[in-house]
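Listed below are the residues making up each chain.
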Amino acid sequence: GAVVSQHPSRVICKSGTSVKIECRSLDFQATTMFWYRQFPKQSLMLMATSNEGSKATYEQGVEKDKFLINHASLTLSTLTVTSAHPEDSSFYICSARGQGPASYNGYTFGSGTRLTVV
Amino acid sequence: AQSVTQLDSQVPVFEEAPVELRCNYSSSVSVYLFWYVQYPNQGLQLLLKYLSGSTLVKGINGFEAEFNKSQTSFHLRKPSVHISDTAEYFCAVTPQTGANNLFFGTGTRLTVIP
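Residues numbered from 1 in each chain as written. Chains lettered and ligands numbered in written order. Predicted model: local features only at pLDDT ≥ 70, side-chain atom pairs only at ≥ 80, totals over all residues. Heavy atoms only, no water.

Draft legend 1. How the structure looks around the environment of Gln96(B). Tracing the sequence through the fold places Gln96(B) in the loop between β10 (87–95) and β11 (103–104). In terms of polar contacts, Gln96(B) uses its side chain to reach the backbone carbonyl oxygen of Val31(B), at 3.2 Å. (Helix = DSSP H or I, 4+ residues; strand = E, 2+ residues; numbered from the N terminus. Polar contact = N/O pair within 3.5 Å; in protein donor to acceptor, adjacent residues only side chain to side chain.)

Draft legend 2. Up close: the pattern of salt bridges. Residues and elements named next belong to chain B. For the coordinates displayed, the defined rule picks out seven salt bridges over all chains. Of the charged contacts in the structure, one is a salt bridge between Arg 77 and Glu 20, with a shortest N-O distance of 2.8 Å. With Arg 77 in strand β9 (residues 73–78) and Glu 20 in strand β3 (residues 19–21), this residue pair connects regions lying 57 residues apart in the sequence. Note on Arg 77: relative accessible area 28%, which makes it partly exposed. Of the charged contacts in the structure, one is a salt bridge between Glu 64 and Lys 58, with a shortest N-O distance of 2.8 Å. A relative accessible area of 23% places Glu 64 in the partly exposed class. Lys 58 sits in the exposed class, given a relative accessible area of 61%. A single salt-bridge network, built from bridges that share partners, covers Glu 20, Glu 66 and Arg 77. (Salt bridge = Lys/Arg side-chain N within 4 Å of Asp/Glu carboxyl O. Buried < 20%, exposed > 50% of the residue type's maximum accessible area, 1.4 Å probe, protein only.)

Draft legend 3. Just the state of the cysteines, in detail. Counted under the stated rule, the structure contains two disulfides over all chains. In this model, Cys23(A) is linked to Cys94(A) through a disulfide, with the two sulfur atoms separated by 1.9 Å. Taking the torsion about the sulfur-sulfur bond, which here is approximately 75 degrees, the covalent link between Cys23(A) and Cys94(A) counts as right-handed. One end of the pair, Cys23(A), is in strand β3 (residues 19–25); the other, Cys94(A), is in strand β9 (residues 90–97), and 71 residues separate them in sequence. Residue Cys23(B) pairs covalently with Cys91(B) via a disulfide, S to S 2.0 Å. What sets the handedness of the Cys23(B) and Cys91(B) disulfide is the S-S torsion sign, and at about -65 degrees it is left-handed. Of the two residues, Cys23(B) is situated in the loop between β3 and β4 (24–26) and Cys91(B) in strand β10; the sequence distance between them amounts to 68 residues. The same class applies to Cys23(B) as to Cys91(B), namely buried. Cys94(A) provides the cysteine sulfur closest to Cys13(A), a residue in no disulfide bond, and the two sulfurs are 18 Å apart. Note on Cys13(A): relative accessible area 9%, which makes it buried. (Disulfide = S-S within 2.5 Å.)

Draft legend 4. Main features of the sheet that holds strand β7 (residues 67–73) of chain A. Residue and element names in this part refer to chain A. Spatially, the four strands line up as an open sheet ordered β1-β3-β8-β7, and their pairing is antiparallel. In this open sheet, the two strands that pair with only one neighbour each are β1 (4–7) and β7. The average undirected angle you get between the axes of adjacent strands in this sheet is 15 degrees. In this structure, β1 lies alongside β3, joined through four bridges in antiparallel fashion. Each residue of the ladder has a partner; that of Gln 6, found in β3, is Cys 23. (Pairing = 2+ DSSP bridges. Axes fitted to C-alpha atoms, helices over the stretch in contact; angles between N-to-C directions.)

Draft legend 5. The interface of chain B and chain A, seen in detail. Opposite the 18 residues of chain B that make contact, chain A presents 19 residues. Summing both sides of the interface, chain B and chain A together bury roughly 1,500 Å²; the carbon and sulfur share of this comes to 55%. At the junction of chain B and chain A, the tally comes to zero salt bridges. Seen at the junction of chain B and chain A, the total is four residue pairs in polar contact (both at pLDDT 80 or more). Elements represented by at least two residues in the side of chain B that touches chain A include exactly β5 (31–38), β6 (44–50) and β10 of chain B. Counting residues per element, the side of chain B that touches chain A draws most heavily on β5(B), at four residues. The class makeup of the residues in the side of chain B that touches chain A is eight nonpolar, nine polar and one charged. (Contact = heavy atoms within 4.5 Å. Buried area = accessible area lost by both parts, 1.4 Å probe. Nonpolar A, V, L, I, M, F, W, Y, C, P; charged D, E, K, R; others polar.)

This is how it looks when you write it as structure tokens:
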């Protein structure tokens, strides 16, 4: 079945530095990638949607200059948290969807990245 | 716009007992419905989905769900739970046309008690 690889699984960084999270679709072409943020004991909040070769569409309240999303190929999307601060600490999850109707391709999730900013 | 309500934030149940996790949704358009399971510090795994056809959908790990259009519900059930079913469960919907992102409920924490 479809597999999405997300790296790193855990990262600790110093305040003010940038962190890049990668999300790769291993056996299908992901025309659309979704990036979610999940706070402890809460649901997933959609941050942005990216289509290959296009600029990402950010949800209201999400700073696009802080959370840079690149979807340069059909198998790779990256989320860069720039100038990270402790309040950016969270669990970030990517999801990929292939071509065609959602019903046939579904959504495949990465295993998530636990970001801790100290 | 779409919204998903999971009425129970926590559900404790004894091992080998049946369980039902409730999900109701609101949408002005037709939707596809999903149930996902999340284990600690992991991503989401698809349990089952309703696209069309039979309203009773069977998924992995012995779970099933029934779509009830009149009640806009998609409750998840399992006749006999195991310790390994302890996890967070999310109900989600997406419009059948147009916007293609998932809208999630707030999740239900299922705890299976030995």
